[in-house]
Amino acid sequence: MTATANISPTDRCDVPDHTLFVCKTCASVWQDGKRLPGSGGEQLVEQLQHLAQDWDLRDEFPIQEVECMSACNRSCVVAFAAKGKLTYLFGDLALDGSASAILECASQYYAKPDGLLPWSERPKALKNGILAKIPSL
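Keep in mind that what you see is a predicted model, and the values were worked out from it rather than measured.

The rules behind the values
Residues numbered from 1 in each chain as written. Predicted model: local features only at pLDDT ≥ 70, side-chain atom pairs only at ≥ 80, totals over all residues. Heavy atoms only, no water. Helix = DSSP H or I, 4+ residues; strand = E, 2+ residues; numbered from the N terminus. Buried < 20%, exposed > 50% of the residue type's maximum accessible area, 1.4 Å probe, protein only. Core = buried A, V, L, I, M, F, W, Y, C linked by side-chain atoms within 4.5 Å. Contact = heavy atoms within 4.5 Å.

Asks: Describe unusual backbone geometry, naming the residues involved and giving the relevant values.
Replies: Residue Ser75 is joined to Cys76 through a cis peptide bond whose omega torsion reads -5°. Checked against the element boundaries, Cys76 lands in the loop between strand E4 (63-66) and strand E5 (78-82). Here the phi dihedral of Asp32 falls at roughly 55°; this positive angle occurs in a residue that is not glycine. Of note, Asp32 is situated in the loop between strand E2 (30-31) and strand E3 (34-35). Here Asp92, not a glycine, exhibits a phi torsion of approximately 60°, which is positive. Mapped onto the fold, Asp92 is located in the loop between strand E6 (87-90) and helix H2 (98-111). Look at Asp92 and you get partly exposed, because its relative accessible area is 40%.

Below is the structure:
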C-alpha cells in the first residue's frame, strides 16, 4: 500500500492572516427589483480604501468587500477576522466618521494575540454596534 499526503484542494497558502470584511450591499436603494449603485456599503468601502492608503497595516490587513453579511436591518456592517482570533461583526455604522474608527479598531484587533477587543478600548463608533463575537477555530 502506498502512503499519500492528506492534501485538501481547498488549502490556500495565499489567505491573509487578517481580513476586514465590508458589506457592500448595506443601505442599498432598490428600484424595480434592482439594486441601484452607490449603496452605503459601497461608500463605506470607498472611504476605507481611501483612508487605508496611509494606514500602516494596509498590506497586513486587507479590506475585502462582500456581497451581503445578512445584517440588513443593522447597516452598515463590517467584520474583523483572523487565524486563531475571535471574529467580530459590527453593525449600525454611520457613513460619517466610521471609517477612521474602523481602521483604528482594526489596528487594536491586529495587536491583540487573541483578538479580544474590550468595550472600554474600542473607538466610540464601535462600542454599541456589536452584532457578534465568534470564537476562533
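Asks: Please give an account of the nonpolar core that cites residues and values.
Replies: Residues Leu20, Phe80 and Ile102 are the most contacted members of the largest nonpolar core, which totals 34 residues. Listed by contribution, the elements that provide at least two residues to this core are strand E1 (18-23), helix H1 (40-52), E5, E6 and H2. Look past the residues within four positions of Ile102 in its chain and what remains in contact with it is Leu20, Leu44, Leu48, Val78, Phe80, Leu93 and Leu126.

Function cannot be read off these values alone, since they describe shape.
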